[in-house]
Amino acid sequence: MSVKENLLEIKNTLPSNVTLVAVSKTKPNEMILEAYEAGHRDFGENYVQELVDKYEQLPKDINWHFIGHLQSNKIKYIAPFVYLIHGVDSVKLLEEINKQAKKNNRTINCLLQIFIAQEETKFGFSFDECELFLNSDLLSQLKNINIIGFMAMASNTENVEQIRKEFKSLKEFASKSLIFNPSSLILSFGMSSDYKIAIGEGSTMIRVGSMIFGQRNYNI
Ligand SMILES: *Cc1c(COP(=O)(O)O)cnc(C)c1O
């Protein structure tokens, strides 16, 4: 199947409130353009340099989502154009994004990454840390960022009930959080292997790579 066919097959089954971010990391511009020509505009990348190169080479009306682990010293490269930063996992990073957004005279949309998995290796705020921050004065001082929701990754497991439980915990946490308007809150969870479970549990933004573009080869 072609990129276009894969993309449309997924899009045709999505509820209207769910946005598909096509994760194009490691994939060539030709593949992105094939999705673009099929009408797609939201693409996700994990690596700063790769994202900057693609931004420069591809059409300017693409919404570029940064979904990887972001280092403070690299924010300046993506701050002029990034559409949404998904994996914000510390207050320090938010402060730096705010600073770089201000320099560029813009407001940058961010999602707070929440740790929901059982694994040690995943980045993110715990529910408690996140709540503490959302209730702090600091938030209102960061005028050049706009926190519009949460992002999470489930455990890397075949256990569907475990994945479902983790997604459910995020949805519950988000529903209790009073600072967001429920109708515009973004919940970014679900990838190729678990996006159907994610939609069932209230995801409004899925990040799908290999099901659209094929398996990634990190050695090239
Ligand atoms: C790579 C990646 C994805 C997409 O993964 P697939 O399994 O290829 O769909 C989604 N989210 C994040 C954070 C990623 O790094």
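As the structure is a computational prediction, the values presented were derived from the model and not from experiment.

Asks: Can you help me understand unusual backbone geometry in this one?
Replies: Peptide bonds are mostly trans, and most non-glycine residues show a negative phi. Phi is positive for Thr26, which is not a glycine, with a value near 70°. Topologically, Thr26 is positioned in the loop between strand 1 (19-23) and helix 2 (29-37). Of note in this structure, Asn105 is not a glycine but carries a positive phi near 60°. You can see Asn105 is positioned in the loop between helix 5 (91-103) and strand 5 (108-113). A relative accessible area of 73% places Asn105 in the exposed class.

Asks: Could you clarify how one ought to interpret the site of the ligand in this entry?
Replies: In the vicinity of the ligand lie 13 residues, with Lys25, Ser192, Gly209, Ser210 and Arg216 positioned nearest. In the model, an oxygen atom of the ligand is placed 2.5 Å from a nitrogen or oxygen of the Ser192 side chain. In this structure, a nitrogen atom belonging to the ligand sits 2.9 Å away from a side-chain N or O atom of Arg207. Here the residues of the shell around the ligand sort into 6 nonpolar, 4 polar and 3 charged.

Asks: For this particular structure, what's the right way to read the pattern of salt bridges?
Replies: Any two side chains of opposite charge can pair, on the condition that their charged atoms come close. Taken as a whole and judged by the stated rule, the model has 7 salt bridges. Arg164 is the salt-bridge partner of Glu201, the closest N and O atoms lying 3.4 Å from each other. Pair noted here: Glu201 is in the loop between helix 9 (195-200) and strand 8 (205-208) and Arg164 is in helix 8 (residues 160-176), with a separation of 37 residues, a long-range link. Using a relative accessible area of 10% as the deciding quantity, one classes Glu201 as buried. Glu201 serves as the salt-bridge partner of Lys168, at 3.1 Å between the closest nitrogen and oxygen. Placement of Lys168 in helix 8 and of Glu201 in the loop between helix 9 and strand 8 is noted, with a sequence separation of 33 residues between them. Taken together, the salt bridges that share partners define one network made up of Glu161, Arg164, Lys168 and Glu201.

Asks: Explain the state of the cysteines here, please?
Replies: Disulfides are covalent bonds that link the sulfur atoms of two cysteine residues. Counted by the stated rule, this structure contains 0 disulfides. As a non-bridged cysteine, Cys110 has Cys130 as the owner of its nearest cysteine sulfur, 13 Å distant.

Conventions used here
Residues numbered from 1 in each chain as written. Predicted model: local features only at pLDDT ≥ 70, side-chain atom pairs only at ≥ 80, totals over all residues. Heavy atoms only, no water. Helix = DSSP H or I, 4+ residues; strand = E, 2+ residues; numbered from the N terminus. Buried < 20%, exposed > 50% of the residue type's maximum accessible area, 1.4 Å probe, protein only. Near = heavy atom within 4 Å. Polar contact = N/O pair within 3.5 Å; in protein donor to acceptor, adjacent residues only side chain to side chain. Nonpolar A, V, L, I, M, F, W, Y, C, P; charged D, E, K, R; others polar. Salt bridge = Lys/Arg side-chain N within 4 Å of Asp/Glu carboxyl O. Disulfide = S-S within 2.5 Å.

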